[in-house]
Amino acid sequence: MSQQPAPGPIAPEGPAAQVPAGAAGNGPAGAAAGVSAHRALGSILGTTLREVFVVPIQDGRIRTRGWSRGLAVVAAVALLAYLGAMLTVLGARLLGDVAPIGTGGLRMGLAGGLALLTMLPVLLTLGYLAALQLRWYLRLPLQAIVFAIAGSPTVLTLVAIVPYARGVLLGFVLSVPAVLVVLLVGAFALVGRPLRVWVGLAALAAMGWIVLVPILLVSVLFAGDVGAVSMSVALTSVLIFVLAVLAVPTAYAAGASFIQISVNTATWTLSEIRHWVRPGIWPLLAILLLAGNLALLAADGFAGPTYLKAVLWTAATLLVARVWLVRARRFGPWDVPRPTTMAESLMKASGALGLAMSVWLVVALLPVPGRLRNPVAMGFAAVLALVLAERAARRGSTAAATVLAPVAVSLAGMGLMFGLGVTGTPHRQISGLLTLVLLALGLWWRRRGPLTAQQWFLLAIGAGILLIFPERELLAEPLSALLGFSTLGVLIAGLLWRLLTEGEWANVDGRRFNRTARVLVFCGYALVTACAAVLMAYAPDFGWDLDSFASIGSQILGVGVAAAIVVGIAEMGRFGLDPAPPPQRIATGAGVPPMSGIPADAPAPRRALVD
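Here goes a summary of the coordinates provided. Everything numeric in this text was worked out from a predicted model, so none of it was measured.

Focus on the overall build of the protein chain
Step number 1: Within the protein chain, the secondary structure is distributed over 22 helices and zero strands.
Step number 2: In the protein chain, which comprises 611 residues, the share counted as buried stands at 51%.
Step number 3: Considering only residue pairs separated by 6 or more positions, the protein chain has 84% of its internal contacts joining residues 24 or more positions apart.
Step number 4: Approximately 26,300 Å² of the protein chain is accessible, and the part contributed by carbon and sulfur atoms is 69%.

Here it is as structure tokens:
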């Protein structure tokens, strides 16, 4: 296909507030119309918090309009179970060692065990009801999983206690398989029917009966044997652990949450500052931010393999990002490769990439050497990222193509490092090298003429993102301090952000996957992640550290995103495009001519702050 002509400044994308003459801060009138510093600070903080946190949650939350009463009741029960699990996690510092149950690695606090026992019936109910809404090729596997999980502890426990049960207790024992049969009949009789309130409550009661009655029977028959009761609870916990394995893909993808928040925070903060200061401030601010990055680079230093690894990683991601950006332009009209757009594109693809990175769970079941499991998974994820980048390029989505291609390189590089037995990524060094690239870019622009306010603003945006990018996981430090765990906060914060912002897919109806099933699956997966959090908080020796998966995901994906942002800034500077997206919540008004040094698609400025 023929090469598209290079575009000039794009047309405004959003409404601009009307600005009085001289109030832009470009002359004496603007200074006279200055406002107080506290008003400017309030506007900067308010806009940043709104655009970074409020708007994504408003856009990505689940909407209840159009739900049936049955779906609303079941979702409310799931929400209560989720909130209860999170409160249990928050109380782990106080309750973690109270009345421990289980033995060895299965040992956990009583509060954690009760939380898991409460969530398991709700989780099984969501899976059971979701299966009723699916096509047969999805319904049958899901039903098999639900009945296997519901029946396994029941059968094992009942076989052990039948010889000791008499009278009424024997009736309770026999009632459990009877309830299983009723559920099995309902699994075929209720297929495709609307979800009624009584169906949801009956399924919840049946699942609760199946899960809890065997444990209560053990408690009655072996009241003096604490070990028997503990092992009964531990058996259920093993099943919860099996379900928690499903949270591994989301744990990987949770790392993208910190990438999106850090990129959006830096971009929106500087974009809002631009509305309140004179254009002449940007050279000073850009130089300070660049110098800060270089100072941190000098403080960390380079030595041997770390230096070589950072240089190769930076060069490869920059090259691939540039190649796919140019490739995306060949296929038609293209969007602006803004940092916020790139972060959003990565967030949308992070679920699929997290699933691909979790392929090692399947590889582990095959006769493959242990040291090759992670390289195989990372290679698979790299191929998927490259396919998604090519698909985005062919659709003219410059931002998505530019960010996913270097992410593919980063995944492949991490797989190679796993294969060689090398761990860790030099985040600060890579940010420093990318800062040097920004500095070289500024010098290149200077050779072509004096830098405009827009180019200085671009350099400030890039340097600001690179400055906070390596420390983005510090956003979870307050939560970690509250929980009393140094690592759990990263996982919880990332999962919570995805839960709040990634629910839009459950708001639509599909022919093969209707809205009711989507909502039930979404709620069920949220409970799976909650189970994983409870296990980590109350049984840290029970399994692997899911929080480390969130950190690995953030590290791998973050390196590719940083390189893509630098390439996007170079492209925007070349064509005079604005890196700041138009605010999504501003009052409408007549447009105004662009200020000197700021292109037409930039949000209209407010009054300048008095010097």
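Some details on the environment of valine 336
Step number 1: Structurally, valine 336 can be placed in the loop between helix 12 (305–329) and helix 13 (339–357).
Step number 2: The exposure class of valine 336 is buried, given its relative accessible area of 7%.
Step number 3: Considered as a pair, valine 336 and isoleucine 569 are 233 residues apart in the sequence and their alpha carbons are 9.9 Å apart.

Quick look at the packing of aromatic side chains
Step number 1: Scanning all chains against the criterion turns up eight aromatic pairs.
Step number 2: Ring centres of tryptophan 136 and tyrosine 137 lie 5.7 Å apart, and the angle between their planes is 85 degrees; this geometry places the pair in the edge-to-face category.
Step number 3: Measuring from ring centre to ring centre gives 5.9 Å for tryptophan 360 and phenylalanine 549, while their planes differ by 55 degrees; the resulting arrangement is tilted. Of this pair, tryptophan 360 sits in helix 14 (residues 360–363) while phenylalanine 549 sits in helix 22 (residues 546–575), placing them 189 residues apart in sequence.
Step number 4: In this structure an aromatic cluster arises from ring pairing among Tyr252, Trp360 and Phe549.
Step number 5: The ring of phenylalanine 457 is capped by arginine 274, whose NZ or CZ atom sits 4.2 Å from the centre of that ring.
Step number 6: Its guanidinium or amino end placed over the ring of phenylalanine 469, arginine 472 lies 4.4 Å from that ring's centre, counting from NZ or CZ.

Side note on the nonpolar core
Step number 1: Judged by nonpolar contacts, the single largest core of 155 residues is most densely connected at Met119, Tyr128, Leu129, Leu411 and Ile569.
Step number 2: For leucine 411, the contacting residues outside a window of four places in its chain are Leu353, Met357, Met378, Ala381, Ala382, Ala385 and Ile556.

Looking at the layout of surface pockets
Step number 1: By volume, the largest pocket is sized at about 1,500 Å³.
Step number 2: In terms of lining, the largest pocket is formed by 44 residues, of which the most central are Leu246, Thr250, Val521, Gly524 and Tyr525.
Step number 3: Secondary-structure elements contributing two or more residues to the lining of the largest pocket are helix 5 (110–132), helix 6 (136–161), helix 10 (248–274), helix 13, helix 14, helix 20 (488–501) and helix 21 (515–538).
Step number 4: The element that contributes the greatest number of residues to the lining of the largest pocket is helix 21, accounting for eight residues.
Step number 5: Classifying every residue of the lining of the largest pocket by side-chain character gives 34 nonpolar, six polar and four charged.

Details of helix 2 (residues 37–60)
Step number 1: Counted at 1.5 Å a residue, the expected span for helix 2 with its 24 residues is 34 Å, and the 34 Å between its end C-alpha atoms agrees.
Step number 2: Helix geometry: helix 2 is bent most strongly at arginine 50, by close to 40 degrees.
Step number 3: Of the residues making up helix 2, those classed as buried are Ala40, Ser43, Ile44, Thr47, Thr48, Glu51, Val52, Val55, Pro56 and Gly60.
Step number 4: In this structure, the buried residues of helix 2 make contact with helix 10 and helix 20.

Brief notes about helix 17 (residues 427–447)
Step number 1: Over its 21 residues, helix 17 runs 30 Å from end to end, which matches the ideal 30 Å to within 8%, given 1.5 Å per residue.
Step number 2: Positioned one or two residues after helix 17, glycine 449 has a phi angle of 145 degrees, which is positive.

Focus: the pattern of salt bridges
Step number 1: If you walk through the whole model with that rule in mind, you get eight salt bridges.
Step number 2: Where glutamate 571 meets arginine 329, a salt bridge forms, and the shortest distance between an N and an O atom there is 2.2 Å. You can see glutamate 571 sitting in helix 22 and its partner arginine 329 sitting in helix 12, a full 242 residues away along the chain. Neither residue differs from the other here; glutamate 571 and arginine 329 are each classed as buried.
Step number 3: Through salt bridges with shared partners, a single network forms among Arg322, Arg329, Glu571 and Arg574.

Concerning the environment of alanine 150
Step number 1: Locating alanine 150 in the fold gives a position in helix 6.
Step number 2: Along the chain, alanine 150 and methionine 207 lie 57 residues apart, while their C-alpha atoms are 7.4 Å from each other.
Step number 3: Apart from residues no more than four positions distant in its own chain, alanine 150 is found in contact with Leu124, Met207 and Ile210.

Considerations on the packing of helix 2 against helix 10
Step number 1: Axis separation between helix 2 and helix 10 bottoms out at 9 Å; the angle between their running directions is 145 degrees. Judged by the twist between their axes, the crossing of helix 2 over helix 10 is right-handed. Note on element contacts: helix 10 touches helix 2 through Ile261, Asn264, Thr265, Trp268, Thr269, Glu272 and Ile273, opposite Ser43, Ile44, Thr47, Thr48, Glu51, Val52 and Phe53.
Step number 2: When its residues are assigned to classes, the contact of helix 2 with helix 10 shows six nonpolar, six polar and two charged.

Some thoughts on the side chain of threonine 402
Step number 1: Residue placement: threonine 402 occurs in helix 16 (residues 398–420).
Step number 2: At 2.6 Å, the side chain of threonine 402 forms a polar contact with the backbone oxygen of threonine 398.
Step number 3: Those residues in contact with threonine 402 that sit more than four places away from it in its chain are Ala321, Leu325, Met342, Ala564 and Val567.

Describing the packing of helix 3 (residues 69–90) against helix 21
Step number 1: At a minimum axis separation of 9 Å, helix 3 and helix 21 run at an interaxial angle of 15 degrees. With respect to helix 21, the element helix 3 is oriented roughly parallel. As helix 3 runs across helix 21, the sense of the crossing is left-handed. Contacts from Leu71, Val74, Ala75, Ala78, Ala81, Tyr82, Ala85, Met86, Thr88 and Val89 in helix 3 reach Thr516, Val519, Leu520, Cys523, Ala526, Leu527, Thr529, Ala530, Ala533, Val534, Ala537 and Tyr538 in helix 21.
Step number 2: Looking at the contact of helix 3 with helix 21 residue by residue, the classes come out as 19 nonpolar, three polar and no charged.

With respect to the environment of valine 146
Step number 1: Tracing the backbone shows valine 146 in helix 6.
Step number 2: Residues valine 146 and threonine 125, spaced 21 residues apart in sequence, show a C-alpha to C-alpha distance of 8.5 Å.
Step number 3: Apart from residues no more than four positions distant in its own chain, valine 146 is found in contact with Leu124, Gly127, Tyr128 and Met207.

Section: a nonpolar patch on the surface
Step number 1: A cluster of nonpolar side chains, namely Trp136, Tyr137, Leu138, Leu140, Leu184 and Phe188, defines an oily patch on the protein surface of about 630 Å² accessible area.
Step number 2: Looking at the nonpolar patch, the elements with two or more residues in it are helix 6 and helix 7 (168–189).
Step number 3: A per-element tally of the nonpolar patch places helix 6 first, with four residues.
Step number 4: By the element assignment, leucine 140 lies in helix 6.
Step number 5: The exposure class of leucine 140 is partly exposed, given its relative accessible area of 41%.

Here is what the cut-offs are and how they apply
- Residues numbered from 1 in each chain as written.
- Predicted model: local features only at pLDDT ≥ 70, side-chain atom pairs only at ≥ 80, totals over all residues.
- Heavy atoms only, no water.
- Helix = DSSP H or I, 4+ residues; strand = E, 2+ residues; numbered from the N terminus.
- Buried < 20%, exposed > 50% of the residue type's maximum accessible area, 1.4 Å probe, protein only.
- Contact = heavy atoms within 4.5 Å.
- Areas by Shrake-Rupley, 256 points an atom, 1.4 Å probe, with all protein chains shown as cover.
- Phe/Tyr/Trp six-rings, centres within 6.5 Å; stacked < 30°, edge-to-face > 60°.
- Lys NZ or Arg CZ within 6 Å of the ring centre and 35° of its normal.
- Core = buried A, V, L, I, M, F, W, Y, C linked by side-chain atoms within 4.5 Å.
- 1 Å grid on protein atoms, 1.4 Å probe; cavity = no way out; pocket = protein on both sides within 12 Å on 5 of 7 lines; lining within 4 Å.
- Points joined across faces, edges and corners; volume = space filled by probe spheres on them.
- Nonpolar A, V, L, I, M, F, W, Y, C, P; charged D, E, K, R; others polar.
- Expected span 1.5 Å × (residues − 1).
- Bend = angle between axes of the 7 residues up to and from the residue.
- Salt bridge = Lys/Arg side-chain N within 4 Å of Asp/Glu carboxyl O.
- Axes fitted to C-alpha atoms, helices over the stretch in contact; angles between N-to-C directions.
- Left-handed = near helix turned anticlockwise from the far one by under 90°.
- Polar contact = N/O pair within 3.5 Å; in protein donor to acceptor, adjacent residues only side chain to side chain.
- Parallel < 35°, antiparallel > 145°, perpendicular 65-115°, else oblique.
- Patch = residues over 30% accessible without salt bridge, like charges linked within 9 Å, V, L, I, M, F, W, Y side chains within 5 Å.

Note that all results are geometric; they support no functional claim without further evidence.
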